[in-house]
Number of protein chains: 2
Amino acid sequence: MRKKTEHSAGRYAYEGLDRILHEKARLGIMTSLITRPDGLLFVELKQLCALTDGNLSRHMEVLREAGLIEMWKGYDRKRPQTLYRLTADGRRRFVDYLAELERVIRDARPKAARMSQPSRAPGKVGWVPA
Amino acid sequence: MRKKTEHSAGRYAYEGLDRILHEKARLGIMTSLITRPDGLLFVELKQLCALTDGNLSRHMEVLREAGLIEMWKGYDRKRPQTLYRLTADGRRRFVDYLAELERVIRDARPKAARMSQPSRAPGKVGWVPA
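Residues numbered from 1 in each chain as written. Chains lettered and ligands numbered in written order. Predicted model: local features only at pLDDT ≥ 70, side-chain atom pairs only at ≥ 80, totals over all residues. Heavy atoms only, no water.

## Quick word on the packing of helix H3 (residues 24-34) of chain B against helix H5 (residues 53-65) of chain B
All names here are of chain B.
In step 1: Two numbers describe how H3 lies on H5: the axes approach to 10 Å, and their chain directions differ by 75°. For the element pair H3 / H5, the angle class is roughly perpendicular. On the side of H3, the interface is formed by Ala-25, Arg-26, Ile-29, Met-30 and Leu-33, while H5 contributes Leu-56, His-59, Met-60, Val-62 and Leu-63.
In step 2: When the residues that make up the contact of H3 with H5 are grouped by side-chain class, the tally is 8 nonpolar, 1 polar and 1 charged. (Axes fitted to C-alpha atoms, helices over the stretch in contact; angles between N-to-C directions. Helix = DSSP H or I, 4+ residues; strand = E, 2+ residues; numbered from the N terminus. Parallel < 35°, antiparallel > 145°, perpendicular 65-115°, else oblique. Contact = heavy atoms within 4.5 Å. Nonpolar A, V, L, I, M, F, W, Y, C, P; charged D, E, K, R; others polar.)

Given below as structure tokens:
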């Protein structure tokens, strides 16, 4: 049975790794925002995620168009500021994404613990490195 | 102290998410291969990761150029076959990548459990949705 499960079609396809969320910078942005339900200012996100103004703006636009974040305008000590928060849908979708990420780790981690790599050729006779 | 750590520059930058490994299809390929130290045939990988011939070839080329996998040519019941395995370096780098992925989950997961999303406006007076 185990063998069959391991070989079933799409076993390692990880369809739940939403392309919008799986991008490295956006993953950092979403993680920052989920730790702060009251939101984060543009300047805070920029620092936390080590992104330039241009890069952060571009990623926030992608997340906003996907309905994952909301944007608020206001003032902090008379200086105009932009605040971002996850939407309810954004939070839900990010939680689903994290569950899929945990599945990757559950699949890979136990095997990764065995650090031995076979140095010999594959078991069958006549195989050559290509 | 906690506050400071949470706000330190690059706290959520996740520099360890190697761009070659973080791509969704390649993540599936690497996970498949780490579960099988003796390697997997092209046809097996294709099925496990639900990829087309063209897509799988392209991703295997990227992984091979990065020194993460090795390729063997041989015959299985007289039919030419291609077998792939992780290199020692590939295994090491993938284990490092998985550790960074676990860091993302550790950062995001505890907060994700609290499903409540504040529906009111940000705490400060005068903020408006943008």
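## Examining the sheet that holds strand S4 (residues 128-129) of chain A
In step 1: Pairing is antiparallel in the open sheet, where 4 strands are placed in the order S4(A)-S2(B)-S3(B)-S1(B). Pairing within the sheet leaves two strands with one partner each, and these edge strands are S4 of chain A together with strand S1 (40-41) of chain B.
In step 2: As judged from the 8 bridges shared by strand S2 (residues 69-76) of chain B and strand S3 (residues 79-86) of chain B, these two strands associate in the antiparallel manner. Of the residues in S3 of chain B, the one forming a bridge with Glu-70 of chain B is Arg-85 of chain B.
In step 3: Strands in contact with H3 of chain B are S1, S2 and S3 of chain B; relative to S3 of chain B, the strand with the most contacts, it is inclined by about 90°. (Pairing = 2+ DSSP bridges.)

## Let's talk about the relation of the copies chain A and chain B
In step 1: Mapping chain A onto chain B calls for a rotation angle of 180° and an axial translation of 0.0 Å; the resulting RMSD is 0.0 Å. What we have between these two chains is a two-fold relation.
In step 2: Taken as a fraction of all interface residues of chain A, those also at the interface in chain B reach 100%, which identifies the copy contact as same-surface. (Least-squares fit on C-alpha atoms with pLDDT ≥ 70 in both.)

## So, the interface of chain A and chain B
In step 1: At the interface, 75 residues of chain A touch 76 residues of chain B.
In step 2: At the boundary of chain A with chain B, total buried surface from both sides reaches about 6,700 Å², with 60% on carbon and sulfur atoms.
In step 3: Per-residue buried area on chain A facing chain B is highest for Tyr-12, Lys-24 and Trp-127 of chain A; these three make up 12% of the total on that side.
In step 4: Lys-24 of chain B is the partner of Glu-15 of chain A in a salt bridge, and the nearest nitrogen-oxygen pair spans 3.4 Å.
In step 5: Taken together, chain A and chain B are joined by 20 residue pairs in polar contact (both at pLDDT 80 or more).
In step 6: At the level of elements, helix H1 (2-7), helix H2 (19-22), helix H3 (24-34), helix H4 (42-48), strand S2 (69-76), strand S3 (79-86), helix H6 (88-113) and S4 of chain A are the ones that each hand at least two residues to the side of chain A that touches chain B. (Buried area = accessible area lost by both parts, 1.4 Å probe. Salt bridge = Lys/Arg side-chain N within 4 Å of Asp/Glu carboxyl O. Polar contact = N/O pair within 3.5 Å; in protein donor to acceptor, adjacent residues only side chain to side chain.)

## Notes on the pairing of S2 of chain A
In step 1: The antiparallel pairing of S2 of chain A with S3 of chain A creates a hairpin that spans 2 residues between the two strands, and Arg-77 of chain A there sits at a positive phi of about 50°.
In step 2: Note that S2 of chain A and strand S4 (residues 128-129) of chain B share 2 bridges and pair antiparallel. When the sheet's bridge partners are listed, Trp-72 of chain A is paired in S4 of chain B with Pro-129 of chain B.

In short, the description is geometric, and any link to function would need to be established separately.
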